[in-house]
Amino acid sequence: MKSFLKYKMLDKVYHNQSFRFVYVFPKFVLGEDEKLQLELQEKKGRRKLILNTKL
């Protein structure tokens, strides 16, 4: 899914640095048996963050 808007995106986030950014996606609805999982991974690194929905 392609984002509508990206806000405050950085090229690099350094060790012990906290940063907030925004991605805006088209509106969608999950079915009763569906869950949303968002995976963020570094472009040239090993760190990965996985976010799961709780219903």
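Residues numbered from 1 in each chain as written. Predicted model: local features only at pLDDT ≥ 70, side-chain atom pairs only at ≥ 80, totals over all residues. Heavy atoms only, no water.

(A) Inspection of the overall build of the protein chain at higher detail. Secondary structure summary: the protein chain contains zero helices and four strands in total. Counting from the amino terminus, helix and strand elements in the protein chain follow one another as β-β-β-β. Across its three principal directions, the C-alpha atoms of the protein chain cover 40 × 25 × 20 Å. Looking at the protein chain residue by residue over its 55 residues, the buried ones come to 2%. (Helix = DSSP H or I, 4+ residues; strand = E, 2+ residues; numbered from the N terminus. Buried < 20%, exposed > 50% of the residue type's maximum accessible area, 1.4 Å probe, protein only.)

(B) Spotlight on the layout of surface pockets. The space that makes up the largest pocket amounts to roughly 1100 Å³. Met9, Phe21, Leu40, Gln41 and Glu42 are the residues nearest the centre of the largest pocket, which is lined by 28 residues in total. Taken together, the elements giving at least two residues each to the lining of the largest pocket come down to strand 3 (37-41) and strand 4 (48-52). Its residues assigned to classes, the lining of the largest pocket comprises 14 nonpolar, seven polar and seven charged. (1 Å grid on protein atoms, 1.4 Å probe; cavity = no way out; pocket = protein on both sides within 12 Å on 5 of 7 lines; lining within 4 Å. Points joined across faces, edges and corners; volume = space filled by probe spheres on them. Nonpolar A, V, L, I, M, F, W, Y, C, P; charged D, E, K, R; others polar.)

(C) Fine view of a nonpolar patch on the surface. On the surface, a nonpolar cluster with roughly 660 Å² of combined accessible area is contributed by Met9, Phe21, Tyr23, Phe25, Leu38, Leu40, Leu49 and Leu51. Counting only elements with at least two residues in the nonpolar patch, the list comes to strand 3 and strand 4. Note on placement: Tyr23 falls in strand 2 (residues 22-24). (Patch = residues over 30% accessible without salt bridge, like charges linked within 9 Å, V, L, I, M, F, W, Y side chains within 5 Å. Areas by Shrake-Rupley, 256 points an atom, 1.4 Å probe, with all protein chains shown as cover. Salt bridge = Lys/Arg side-chain N within 4 Å of Asp/Glu carboxyl O.)

(D) Local environment of the environment of Tyr7. Here Tyr7 lies in strand 1 (residues 5-7). Looking at Tyr7, the relative accessible area reads 46%, which means it is partly exposed. Measuring from C-alpha to C-alpha, the distance between Tyr7 and Val24 comes to 8.6 Å, with 17 residues separating the pair along the chain. Residue contacts for Tyr7: discarding those within four places in its chain leaves Phe21 and Val22. (Contact = heavy atoms within 4.5 Å.)

(E) Broad picture of the confidence of the model for the protein chain. Of all residues in the protein chain, 93% attain a pLDDT of 70 or more, and the chain-wide mean is 81. Ranking the elements of the protein chain by mean pLDDT puts strand 1 last with 75 and strand 4 first with 89. (pLDDT = per-residue confidence, 0-100.)

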